[in-house]
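Given next are the chains, with one letter for each unit.
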Amino acid sequence: MDNTHSSQAMPAHDTEYWQALDRSHHLHPFSDPKALNAEGSRVITHAEGIYLWDSNGNQILDGMAGLWCVNVGYGQHTLAEAAYHQLQTLPFYNCFFKTSHPPVIELARRLAELAPANINHVFFTNSGSEANDTVIRMVRRYWDLQGQADKTVIISRHNAYHGSTMGGASLGGMAFMHRQGGLPIPDIEHIQQPYWYGEGASLSPEEFGLQAARALEAKIQALGEHRVAAFIAEPIQGAGGVIIPPESYWPEIKRICARYDILLVVDEVICGFGRLGHWFGSQYYQLEPDLMPFAKGVTSGYLPLGGVLVSDKVAQVLTEHGGEFAHGFTYSGHPAACAVALANLDLLQGQGIIEQVANETGPYLQQRWQSFADHPLIGEVRGVGILAALELVKDKPTHARFGKLGDTGTLCRDICFKNNLVMRAVGDTMIISPPLVITRDEID
Ligand code: PXG
């Protein structure tokens, strides 16, 4: 890789300048400030395609598409132009007091067209966390409007990630997050995750998938159907370690949701907008969710935008019963974010990027990825579309890890960084989720 390029790279002394100011004034998300300050942050100055450049002029392959979001890659001028044009025409107006505007209306229509057939409405937010907070309030209102105010419990899964607000982090199943700030909030329950390699290897994947799904049925029965409002899950867990459920899992979850009167919420924040070779992960798994929170890939991260795609079943209750849904954000449906999302959808559609993931680059990435399977330190190789993971182990037959979980993953991640590849480590699971526009050469 060419480390010397960059017409726009800053002189070396600028790195220290930025790091000193960063240390003095900036508190980073999900970071240990003491450790970060000792090391100094890596300063990213610009990007193009699937590559980033840092303030030392290093060219870095962005194997994480920013934070699982830059689906169309960096440097897409049509997205920048859409924002510029919209900021000049109407930079802001709200959607609260009987008002609307063309970009938000047009985007709602486009998303309804792309979503599964039973989904035709959108509630906009600025992030995936806010989308999931909206889910909590919307499902509880849905049941309340139908005289079932006790149906408040939302069942999620251990090691799920649904965001970092009080609601989002409560829905999530990250124990280390729950330990800070008194989470989860009341009436959120967690069941087993469908992580066969990590937790189920004494069973076949099929058997384990059924067992993990039936934990939902057991939880509904334990709580009482009259208390359970919804089940929420990512199609494939992203931040939890690219956990791909066994084939038996989703059909059994579908059966259970149909048998009991609860809503199915499918969190599309990572799987949505092409990552699995379909517009939504729900289409990959043939699900018909009642609600689909989304964010990230809707704008390819160029501006913040999220929302909840709402099924006819839920929209009808919210609409026909009347009365205000007392929820929303100043920037719900921000005009510039919506205009960028429209340009992003134009690009994904116009350039056939999702078909390419399904038929070309996705299968090619997975084929190349499989070549790691024989490596003595790699216990499992898995992936779908442009999303993939490797399990680092000491002993392949028993899945035994090296020492403390996470130490080997962090070591491997640091070696990747030093070699100008951004990869994520979750425990000892190595993850990639690069831009969807990655080419065969770049995959090689
Ligand atoms: N749902 C899912 C499935 C997510 O992955 C959110 C909700 C929250 O979205 P916002 O926009 O509020 O961040 C996410 C976000 C990581 C990492 O380290 C993953 C996310 C965010 C930050 C870090 O893998 N996912």
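Everything numeric here is computed off the predicted structure, so don't read it as measured data. (Residues numbered from 1 in each chain as written. Predicted model: local features only at pLDDT ≥ 70, side-chain atom pairs only at ≥ 80, totals over all residues. Heavy atoms only, no water.)

Asker: Help me out: how do you make sense of the site of the ligand in this one?
Answerer: In the neighbourhood of the ligand, 16 residues make up the surrounding shell, with W68, G128, S129, D267 and R424 lying closest. Contact distances for the ligand include 2.9 Å between an oxygen atom and a backbone N or O atom of G128. Taking S129, its side chain carries an N or O atom lying 2.5 Å from an oxygen atom of the ligand. For the ligand, whose accessible area on its own is 540 Å², the fraction buried by protein is 85%. (Near = heavy atom within 4 Å. Polar contact = N/O pair within 3.5 Å; in protein donor to acceptor, adjacent residues only side chain to side chain. Areas by Shrake-Rupley, 256 points an atom, 1.4 Å probe, with all protein chains shown as cover.)

Asker: For this particular structure, what's the right way to read the packing of aromatic side chains?
Answerer: When we look at a pair of aromatic rings, we describe it by the centre distance and by the angle of the planes. All told, the structure shown has 14 aromatic pairs when counted by the stated rule. Between F92 and Y331 the ring centres are 5.6 Å apart and the planes differ by 85 degrees, which places this aromatic pair in the edge-to-face class. Of this pair, F92 sits in the loop between α4 (77-89) and α5 (102-114) while Y331 sits in the loop between α13 (312-320) and α14 (335-350), placing them 239 residues apart in sequence. A connected cluster of aromatic rings, assembled from ring pairs, spans F124, F273, F280 and F294. The cationic tip of K151 hangs over the ring face of W143; the distance from NZ or CZ to the ring centre is 4.6 Å. Positioned above the aromatic ring of Y364, the side-chain terminus of R440 is 4.3 Å from the ring centre. (Phe/Tyr/Trp six-rings, centres within 6.5 Å; stacked < 30°, edge-to-face > 60°. Helix = DSSP H or I, 4+ residues; strand = E, 2+ residues; numbered from the N terminus. Lys NZ or Arg CZ within 6 Å of the ring centre and 35° of its normal.)

Asker: Even after reading the chapter, I still don't get the side chain of R110, so can you show me in this structure?
Answerer: Relative to the elements of secondary structure, R110 occurs in helix α5. At a separation of 2.9 Å, a polar atom in the side chain of R110 contacts the side chain of D346. Beyond its immediate stretch of four places on either side in the chain, R110 contacts L342, L345, D346 and Q349. (Contact = heavy atoms within 4.5 Å.)

Asker: Looking at this structure, how should I read α14?
Answerer: Since there are 3.6 residues in each turn of an α-helix, residues three or four apart along the chain are aligned in direction. Counted at 1.5 Å a residue, the expected span for α14 with its 16 residues is 22 Å, and the 22 Å between its end C-alpha atoms agrees. The buried fraction of α14 amounts to 13 of the 16 residues, a majority that puts the element mostly inside the structure. Phi turns positive, to about 60 degrees, at G352, one or two residues after α14. (Expected span 1.5 Å × (residues − 1). Buried < 20%, exposed > 50% of the residue type's maximum accessible area, 1.4 Å probe, protein only.)

Asker: It is not clear to me how the packing of helix α6 (residues 128-145) against α13 should be interpreted in this structure. Could you clarify?
Answerer: For any two helices packed against each other, the geometry is given by the interaxial angle and the distance between the axes. Between α6 and α13, the least distance of the axes is 9 Å, while the angle of their chain directions is 60 degrees. Here α6 is positioned oblique relative to α13, judged by the angle of their axes. The interaxial crossing formed by α6 with α13 has left-handed handedness. In this structure, α6 uses M138, R141, Y142 and L145 to contact α13, whose residues at the interface are K313, V314, V317 and L318. (Axes fitted to C-alpha atoms, helices over the stretch in contact; angles between N-to-C directions. Parallel < 35°, antiparallel > 145°, perpendicular 65-115°, else oblique. Left-handed = near helix turned anticlockwise from the far one by under 90°.)

Asker: Could you clarify how one ought to interpret the nonpolar core in this entry?
Answerer: Nonpolar side chains in soluble globular proteins generally cluster together in the buried interior. Counting residues in hydrophobic clusters, the biggest one holds 54 residues, and the most contacted among them are L107, L111, F273 and L309. Looking at this core, the element that brings in the most residues is α14, giving ten residues. Each of domain 1 (3-71 + 352-443) and domain 2 (79-350) gives at least three residues to this core. (Core = buried A, V, L, I, M, F, W, Y, C linked by side-chain atoms within 4.5 Å. Domains from an automatic or database assignment.)

Asker: What exactly am I supposed to notice about the environment of Q286 here?
Answerer: Along the chain, the position of Q286 falls in the loop between α12 (281-284) and β9 (291-294). The exposure class of Q286 is exposed, given its relative accessible area of 61%.

Asker: Even after reading the chapter, I still don't get the domain arrangement of the protein, so can you show me in this structure?
Answerer: Many authors give the size of an interface as the accessible area that is lost as the parts come together. Domain annotation for the protein reports domain 1 (3-71 + 352-443) and domain 2 (79-350). The straight-line distance from the C-alpha centre of domain 1 to that of domain 2 is 26 Å. Taken residue by residue, the interface counts 34 residues in domain 1 and 35 residues in domain 2. Of the roughly 2,700 Å² buried at the junction of domain 1 and domain 2 (both faces included), carbon and sulfur atoms supply 63%. (Buried area = accessible area lost by both parts, 1.4 Å probe.)

Asker: How should the packing of α4 against α14 be read in this particular structure?
Answerer: Relative to each other, α4 and α14 sit at 150 degrees, their axes nearing to 8 Å. In this view, α4 runs roughly antiparallel relative to α14, as classed from their interaxial angle. Between α4 and α14 the crossing geometry is right-handed. Contacts between α4 and α14 involve T78, L79, A82, A83, Q86 and L87 from the first element and P335, A336, A339, V340, A343, N344 and L347 from the second.

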